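# Tertiary structure, described
Okay, here's what each chain looks like letter by letter:
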Amino acid sequence: MKRLKSMMAMGTVCAALAWPAFGQTVKVTPLGGIDGEFCPQDRALVFEDPNGTRVLYDPGRTVAGAGDPRLGKIDIILVSHMHGDHVGNAHSKAPNSGTCEAPDMSVSALPNSSAVNIALAKKAKIVTGSDMPSFFAAKLRANGGNPADSLLARFGGSVTLNGIRIATVTAMHSNGLDPDYIGGELGKAMKDAGIWGDVGLATGYVVRFSNGLVVYLSGDTGITADQERVVRDLYHARLAVMNIGDGFTTGPAEAAFVINELVKPAAVIASHANEVGTVGGKVRPGSKTEAFMKAAKVPVHIPLSGKTMEFDGAGKCVGGC
Ligand SMILES: [Zn+2]
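To start, this report covers the structure provided alongside it. Owing to the predicted nature of the structure, the values given are computational and were not obtained by experimental measurement. (Residues numbered from 1 in each chain as written. Predicted model: local features only at pLDDT ≥ 70, side-chain atom pairs only at ≥ 80, totals over all residues. Heavy atoms only, no water.)

## Notes on the pairing of strand 10 (residues 164–170)
Operational definition: The rule is simple: take the accessible area with a 1.4 Å probe, protein chains only, and divide by the maximum for that residue type; under 20% is buried, over 50% is exposed, in between is partly exposed. In this description a helix means any DSSP run of H or I spanning at least four residues, a strand means any run of E spanning at least two, and both kinds are numbered starting from the N terminus. Whether two strands pair comes down to DSSP finding at least two bridges between them.
Within strand 10, five of the seven residues are buried, which leaves it mostly tucked inside the rest of the structure. Pairing of strand 9 (residues 158–161) with strand 10 involves four bridges; the strand directions are antiparallel. Within the sheet, the bridge partner assigned to leucine 161 lies in strand 10 and is isoleucine 164. In textbook terms, the turn of a hairpin is the stretch between consecutive antiparallel strands, and for strand 9 and strand 10 this stretch comprises two residues, one of which, asparagine 162, has a positive phi near 50°.

Okay, here's the thing in structure tokens:
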């Protein structure tokens, strides 16, 4: 009996070791244009690992530059691709300036981008795939930062920082670098010719946090077979952040197909709707956001700016949803 008890105790210890950070949650806080709403330009999310590491995904135009008080400590910045609404070519003067329909984006972040300015201010690492790391390294160097803070995770590879594993995955999209980030004679000549700089393919991410939660960040993408073969079959993503805006990316029906038939996560956060998604914090009737919620077969969480959601290792929202 005594032996059985000690074996059971050992079993408990083993189970605890096998389940990393059991019971701990990843906190997800949207940094959108207007508190409590889901607005057209909203992309930015901060993921806080149980170990305190904070990851900023696609700062876009709603983070009010490096001085935005909502940022707090930022350790890692992820940029899915170089379009201005993701890397941040402009931003608001302060959180909640303008309206949900027309958020203020009057402050230019050119030629650096908000991602670079935030990385410099926070001494954060920028992890990107494709050919984007050399762009970020050059910008960091040119502004007195450390070029080694720009790290590569190209398709099929990953980097692990502070116990968080970051991989990039296919995104079917374009990824031209606006010549405004280049400037000078070359930038002007490119602009006149209508040519954008080549920084490789656009990407999505799969991020594994220290509590075991695996999150798929779609970036701007169409439907790809990798969403099934890689994101689901290899990485087993349990939470997805899915772009639903149509026109530039999958629309609500296509995004729901990706979630229902390909990735099959436990839950999804809608993103990049390019519309007023909520009014008074409630999903607007007739919106793309509503259409996506109706079409998806798993719980859809709406990223209301400033409202923190908490997810367990299995992708279940256990707080704030
Ligand atoms: Zn976009």
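## Details of the pattern of salt bridges
Threshold: Salt bridges are identified by distance alone: a Lys or Arg side-chain nitrogen within 4 Å of an Asp or Glu carboxyl oxygen.
One pass over the full model with this rule turns up 16 salt bridges. A salt bridge links lysine 93 to aspartate 104, with the shortest nitrogen-to-oxygen separation between them at 3.6 Å. With lysine 93 in the loop between strand 5 (90–91) and strand 6 (107–108) and aspartate 104 in the loop between strand 5 and strand 6, this pair connects stretches of sequence that are eleven residues apart. Between arginine 284 and glutamate 275 there is a salt bridge, and its shortest N-O distance comes to 3.6 Å. Each of the salt bridges in this network shares a partner with another, and the network as a whole consists of Glu228, Arg229, Arg232 and Asp233.

## Side note on helix 7 (residues 252–263)
Within helix 7, the full set of buried residues consists of Pro252, Ala255, Ala256, Val258, Ile259, Asn260, Leu262 and Val263. Of the residues flanking the end of helix 7, it is lysine 264, one or two places downstream, whose phi is positive at about 50°.

## What about the packing of helix 7 against helix 8 (residues 288–295)?
Angle between the axes and distance between the axes are the two parameters that describe a pair of packed helices. Here is the rule: Only the contacting stretch of a helix is used when fitting its axis, a line to C-alpha atoms as for every element, and angles between N-to-C directions run 0 to 180 degrees. Orientation categories follow fixed angle ranges, with anything under 35 degrees roughly parallel, anything over 145 roughly antiparallel, 65 to 115 roughly perpendicular, and all other angles oblique. Crossings are assigned a handedness: left-handed for a near helix turned anticlockwise from the far helix by less than a right angle, right-handed for a clockwise turn. Here a residue-residue contact requires only that any non-hydrogen atoms of the pair lie within 4.5 Å.
Between helix 7 and helix 8, the shortest axis-to-axis distance is 9 Å and the interhelical angle comes to 30°. For the element pair helix 7 / helix 8, the angle class is roughly parallel. Helix 8 is crossed by helix 7, and the crossing has right-handed handedness. On the side of helix 7, the interface is formed by Pro252, Ala255, Ala256, Ile259 and Asn260, while helix 8 contributes Lys288, Ala291, Phe292 and Ala295.

## Topic: the coordination of the zinc ion
As a benchmark, a tetrahedral metal site with four donors has ideal angles of 109.5 degrees, while an octahedral site with six donors has ideal angles of 90 or 180 degrees. Condition: Each metal site is built from N, O and S donor atoms within 2.8 Å (3.2 Å for Na, K and Ca), and since water is not included, such sites may look incomplete.
Donor atoms from the polypeptide that coordinate the zinc ion comprise Asp85 (OD), His86 (NE2), Asp220 (OD) and His272 (NE2), at 2.1 to 2.4 Å from the metal. The sequence pattern describing where the donors of the zinc ion fall on their chain is D-H-x133-D-x51-H. With aspartate 85 in helix 2 (residues 84–88) and aspartate 220 in the loop between strand 14 (214–217) and helix 6 (226–232), the pair connects residues that are 135 residues apart, well separated along the chain. Pair check on accessibility: aspartate 85 and aspartate 220 agree, each one buried.

## Topic: the packing of aromatic side chains
Put simply, the rule is: The aromatic pairing rule takes the rings of Phe, Tyr and Trp, using the six-membered ring of Trp, and pairs them if the centres are within 6.5 Å, calling planes under 30 degrees apart stacked, those over 60 edge-to-face and the rest tilted.
All chains considered together, the criterion is met by three aromatic pairs. Judged by centre distance (5.2 Å) and plane angle (75°), the rings of phenylalanine 135 and phenylalanine 136 are edge-to-face. The buried category is assigned to phenylalanine 135, whose relative accessible area is 10%. Ring centres 6.1 Å apart and planes at 85° place the aromatic pair phenylalanine 135 and tyrosine 181 in the edge-to-face group. Placement of phenylalanine 135 in helix 4 (residues 132–142) and of tyrosine 181 in the loop between strand 11 (176–177) and helix 5 (184–193) is noted, with a sequence separation of 46 residues between them.

## Considering the sheet that holds strand 16 (residues 267–271)
As summarised here, the arrangement of the seven strands in space is 9-10-13-14-15-16-19, forming an open sheet in which the pairing is mixed. Two strands in the sheet have a free side with no partner beyond their single neighbour: strand 9 and strand 19 (300–301). Running over the sheet, helix 7 touches strand 14, strand 15 (239–243) and strand 16 and is turned about 150° from strand 15.

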